[in-house]
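Fold and geometry: a report
Here is what each chain is made of, one letter per residue.
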Amino acid sequence: MSKKPTSQPALHKVIMVGSGGVGKSALTLQFMYDEFVEDYEPTKADSYRKKILLDGEEVQIDILDTAGQEDYAAIRDNYFRSGEGFLCIFSITEEESFQATQDFREQILRVKNDENIPFLLVGNKCDLEDKRKVSFQEASERAKQWGVTYVETSAKTREHVDKVFYDLMREIRARKMEENKTSNGKGKDKNKRKKLKCTIL
Amino acid sequence: MEYEQSNVIKDFPGLYASESQKINNRESDYSEDEKLTRKDLLTGKKKDKKDKKDKEKGYAALEGESSADEGYEIRSPTKSKKSKSFKFASKSKEKREKSRDKEKDFADKKKEKDKRIDKKSEKEKGKNDKKERPGDIAEELPIFGVPLELAVERSRCHDGVDLPLPYRACIDYLQMYGLGFEYIYKISSPKSKVLHLKKMYNHREFVDLAEHDVPTITGLLKMFLRDLPESIFTSELIVRFEEAGAILNVAMREKHLKILVGNLPPLNYMAVSWLIVHLYTVTLNEKSTKMNAQSIAATLSSTLQISQRLLTALLCHCPALFVDVKLIQYIPPLISTAQLPDEKDLMEIELKKQESLLSQIHSEMNAGFVSKQREELLWEVQRLITQLKRKIRSKNRVVEEKGIEEKVSHENTGNSSENLETERITATKKKDSQEVLNTVPLSLNNSEDNLDLNKKEINNASIASENVEVKNIEWDFPKPTEVDQEKTANVKITQEIESKSVNTLQTEDPNLPLLANDKEIMYLNLKNQTLLELKNKLIEKMEIEKKEIARLKLVLKEVQYKNQTEPVIIDSNSDNLDKIMELLQNENQILHIKKINLVRKIMEEHEICIDLSAKLMMLTASC
């Protein structure tokens, strides 16, 4: 396990969550293929992998684009469990989608059982300023309350699209490094635990 | 190591306290981890309880070697409480990490297992895994030893053939490598080998049967059959099968067996048919396998829990009993995006397989069997599905774009046509979709060609005998509505008629002065008259339709212009209406064929009518 990361680029698993129609797939496709798809087709679940340079280091990103609709909630948990970082997306033009982020946050915390899981609150469709229903202030406050960052994006204009993915990956990477440090020590400890105790005795 | 420890404890009783603490510490560590992993799992309460019990047993067993007896005696509740609270208060974060470590360890072990570097150590590790994991899929949802339908559900072949994977894999293997193997099914292999394979299947591990020999695989197949709680012939029908097998009259026996086979539940029919067809091919290769129906029956009747007589009978009647059964080798879902097929049909087949696999993974995970490996697989399969969908969609888009281009080019060079069908299609196209467009250029083509033909023929008509030409026009009329093949067929017909009528004309001309032919001439003249009338009517209709076509074309151009200004809307329509388009196209084709047939009939009837009316007129004239 410890040898693998050197031979293969690190893999970060990102999950897109949010209500239906807020632009999860649009953001993903914009990030993946630089394309903007305007026609709406509800996603059941889609997964993508991309190699990118993150601060000079080659890493792989796995993006899982989940269903916003409740119909697919059963399979969603299976994905949540394996996610390392979450982009929680709402549409700034739709108040309900903003309210729903609360539920998504709770679900993720319930499944991951970790308050500090890498997480970004994303207000999409910021190109539609004239139709804005959720103020920047309001969203930032919620993000602050959760201890996460708030970013506004536009899948259409590509504004901040790369930023949210890269920021999240940096969080995941930092998190992993922290874990590796402690777990390496722990791992050794675990393997030698019996022995150690013996010698102590 | 552990033994030494216990010895130490024996030798130095004063150390009991710290030792017990150690044990308790270890225990508490595990239980903490357990809690965490269990939370992660979100499994039902019942399962948790079960898991806990299993695990407690597991830990007891692990520790049993060293200090089970002493340990339990020594442990005092107060001390364990102390140690627990101490641990818990100080480092809850570490524990979380520990649980993660453990997951990693587990993943590592799994990987090693897959590689099968060292079978012995692997087995040991396997045991450890089982004890550490919350719930063991091989124990809770095994594939062997459960009713057939459960086995199928838990271990699907993802190509739609409803057989349990190990069963299918065995038959596939034996069809490939077993038919040249002497005394197949008779020679057995060490049970441990077979059990190992069974265990791998139960653990949902990847199994490559090609690494094993024929006796092991026959052994595995036999074990699967023997493990089934119910005979594959079903306990309801088995007695009747036996009765049928005992019938002396060969024809009667076959008839009865056929009825009974037909009464088997679908899954059982599948399993029985594949097995018997496979065994039958073994007997067909008697030269190399040294096994005939009798010897196969003798070796396998006990496994199948049926009499030798019945199995022999089934094998002998196999060609009649399972006429349509074909053993198709299973090609499992692909495992990497690199090998995705390029043809649309293959992509769609692959997509179905992957979706079947995905739903199986989900159901296993929903049942609480979550491992790093399974999660990896879940993402991988999901990625494959996404890729396939994208590929299929882009293919569809290319087809559509081509269709539009063709249409445009045809529109630009477009001639007027008298084709009602074209108009109809264009009308539906405007309403519905672009897929349908693809048929438009075709029919436009036809109608243009036909128009030319018609024109030529009309020109000819003035030169040649009207009689012949009117006939030709009449035959030509349905032509424009038909597709390419029909068109050529019709051209042939027209040509035939032409030559025939030319012949008749040639023969008629010298006969003109003959009195005997007066009646015929009168008849022909009358017929000619009616046909000429018809011709005029048709020409009128053509004119009207030409105008209509010109009008519709204008409308079409407007619509096109709109489409060009709003290209995105085209895309959305076409994307969403893909399925509808396909359906419409199919329907359109069927209707097309129906229409062609009807038009033909009408024309035939029409001809008869003209014939009859001419005769009638002749009769009234002569009267």
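Residues numbered from 1 in each chain as written. Chains lettered and ligands numbered in written order. Predicted model: local features only at pLDDT ≥ 70, side-chain atom pairs only at ≥ 80, totals over all residues. Heavy atoms only, no water.

1. Observations regarding the overall build of chain B
Within chain B, the secondary structure is distributed over 27 helices and zero strands. Burial analysis of chain B (623 residues in total) assigns 45% to the buried set. Residue pairs at least 24 apart in sequence account for 74% of intrachain contacts in chain B once pairs closer than 6 positions are excluded. Just so you have it, chain B exposes about 33600 Å², and 56% of that area is on carbon and sulfur atoms. (Helix = DSSP H or I, 4+ residues; strand = E, 2+ residues; numbered from the N terminus. Buried < 20%, exposed > 50% of the residue type's maximum accessible area, 1.4 Å probe, protein only. Contact = heavy atoms within 4.5 Å. Areas by Shrake-Rupley, 256 points an atom, 1.4 Å probe, with all protein chains shown as cover.)

2. Thoughts on the packing of helix α16 (residues 293-304) of chain B against helix α17 (residues 308-316) of chain B
Residues and elements named next belong to chain B. The geometry of α16 relative to α17 is characterised by a closest axis approach of 8 Å and an angle of 125 degrees between their N-to-C directions. If you check the angle between α16 and α17, you find them oblique. Our pair here, α16 against α17, has a crossing hand that is right-handed. Here α16 contributes A293, Q294, I296, A297, A298, L300, S301 and L304 to the contact with α17, which in turn contributes Q308, L311, T312, L315 and C316. Residues of the contact of α16 with α17, tallied by class, amount to nine nonpolar, four polar and no charged. (Axes fitted to C-alpha atoms, helices over the stretch in contact; angles between N-to-C directions. Parallel < 35°, antiparallel > 145°, perpendicular 65-115°, else oblique. Left-handed = near helix turned anticlockwise from the far one by under 90°. Nonpolar A, V, L, I, M, F, W, Y, C, P; charged D, E, K, R; others polar.)

3. Description of the sheet that holds strand β6 (residues 149-152) of chain A
Residues and elements named next belong to chain A. Taken in spatial order, the six strands of this open sheet run β2-β3-β1-β4-β5-β6, and their pairing is mixed. Only two strands of the sheet have a single neighbouring strand rather than two, namely β2 (45-54) and β6. Between one strand axis and the next, the sheet turns through 25 degrees on average, direction left out of account. In terms of strand pairing, strand β5 (residues 119-124) meets β6 through four bridges, oriented parallel. Within β6, the position partnered with V122 by the bridge is V151. Packed onto the sheet, helix α5 (residues 136-146) meets β4 (85-91), β5 and β6 and runs at close to 150 degrees relative to β6. (Pairing = 2+ DSSP bridges.)

4. Considerations on the UniProt feature "coiled-coil region" (unreviewed entry) in chain B
Listed under "coiled-coil region" (unreviewed entry) in the UniProt record, and renumbered for this structure, are residues 528-555 of chain B. Measuring from the first to the last C-alpha atom of residues 528-555 of chain B gives 40 Å, for a span that is 100% helix and 0% strand. (UniProt positions renumbered as here; feature names shortened; annotations may be inferred.)

5. Some points on the pattern of salt bridges
Residue and element names in this part refer to chain A. Going through the model one piece at a time under the given rule, you end up with 30 salt bridges over all chains. A salt bridge links R132 to E129; the shortest N-O distance between them is 2.7 Å. You can call E129 partly exposed: its relative accessible area is 46%. Beyond isolated ion pairs, a larger network of salt bridges with shared partners links D55, E57, K163, D167, R170 and R173. (Salt bridge = Lys/Arg side-chain N within 4 Å of Asp/Glu carboxyl O.)

6. Some remarks on the confidence of the model for chain B
Note: predicted coordinates in regions of low pLDDT should not be interpreted at a detailed level. All names here are of chain B. Per-residue confidence for chain B averages 70 on the pLDDT scale, and 58% of its residues sit at or above 70. Per-residue pLDDT, averaged within each element of chain B, yields its smallest value for helix α6 (residues 119-132) (38) and its largest for helix α14 (residues 266-284) (95). Here residues 13-133 is modelled with pLDDT under 50, and outside its nearest four sequence neighbours on either side it reaches 147 contacts, counting other chains as well. Within the model, pLDDT remains below 50 along residues 413-494, and this stretch shows 144 contacts once partners closer than five positions in the same chain are excluded. Here the predicted complex carries an ipTM of 0.83, next to a pTM of 0.54. (pLDDT = per-residue confidence, 0-100.)

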